[in-house]
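# Observations on chain architecture
Chain by chain, the residues:
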Amino acid sequence: MPEETKKLIEDVIDEKVEKITLEQNPYLWGEQNEDKLGIIDVRAKINDNNPVDIEIQLVDNKDIEKRILWYWSKLYFKQLKKNQDYIQLKRTISIIFLDYKLEKLKEFPTHTKWQ
């Protein structure tokens, strides 16, 4: 499965992936007990430890853009430990496969690559 996932990521981001590690832990734990838990479909790290989230959504729950942004932000946030500099943050990638049209696509507040 790592080779297939590597090829999928390469095709989507249109660049070579030298190394891929599939994470065994799909959970995005919060800092507090009352924090929301996120569960990523496929969680990986590529090349220079860039986090990647791959999601598949078949049903429109009317919140996918918020959920994906929340997952992305958790992966980005979790990269730094105490006393580390912001310069150490790596590019974080979210890939989402939808089985419906995302009407809010034009309003999505990030730099994106859509195919």
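The following refers to the structure shown. Because the structure is predicted, anything quoted here is derived from the model rather than measured.

## Examining helix H2 (residues 64-77)
Think of an α-helix as 3.6 residues a turn; residues three or four steps apart then line up on the same face. For H2, with 14 residues, the first-to-last C-alpha span of 20 Å sits near the 20 Å given by 1.5 Å per residue. Taken residue by residue, H2 has Ile64, Glu65, Ile68, Tyr71, Lys74 and Leu75 as its buried positions. Against strand S2 (27-28), strand S3 (38-39), strand S4 (42-46), strand S5 (50-57) and strand S6 (93-98) lie the buried residues of H2.

## Points about the packing of aromatic side chains
What describes a pair of aromatic rings is the distance from one ring centre to the other and the angle between the planes of the rings. Applying the stated criterion to the full structure yields two aromatic pairs. Measuring from centroid to centroid gives 5.0 Å for Trp72 and Tyr76, while their planes differ by 10°, and the two rings are stacked. Taken together, the residues Trp72 and Tyr76, both in helix H2 and four residues apart, mark about one turn of the helix.

## Structural notes on the sheet that holds S5
Read across the open sheet, the four strands follow the order S1-S4-S5-S6; overall the sheet is mixed. Each having just a single partner strand, strand S1 (20-22) and S6 make up the two edges of the open sheet. For this sheet, the mean inter-axis angle between neighbouring strands, taken without regard to orientation, is 20°. Sheet analysis places S5 next to S6, joined by six bridges and oriented parallel. Residue Glu55 lies in a different strand from S6, and its bridge partner there is Ile96. Sheet strands in contact with helix H1 (residues 2-13) are S1, S4, S5 and S6, and its direction is about 120° off that of S1. Packing against the sheet, H2 makes contact with S4, S5 and S6, and its axis sits at approximately 160° to S5.

So, how was this worked out
Residues numbered from 1 in each chain as written. Predicted model: local features only at pLDDT ≥ 70, side-chain atom pairs only at ≥ 80, totals over all residues. Heavy atoms only, no water. Helix = DSSP H or I, 4+ residues; strand = E, 2+ residues; numbered from the N terminus. Expected span 1.5 Å × (residues − 1). Buried < 20%, exposed > 50% of the residue type's maximum accessible area, 1.4 Å probe, protein only. Contact = heavy atoms within 4.5 Å. Phe/Tyr/Trp six-rings, centres within 6.5 Å; stacked < 30°, edge-to-face > 60°. Pairing = 2+ DSSP bridges. Axes fitted to C-alpha atoms, helices over the stretch in contact; angles between N-to-C directions.

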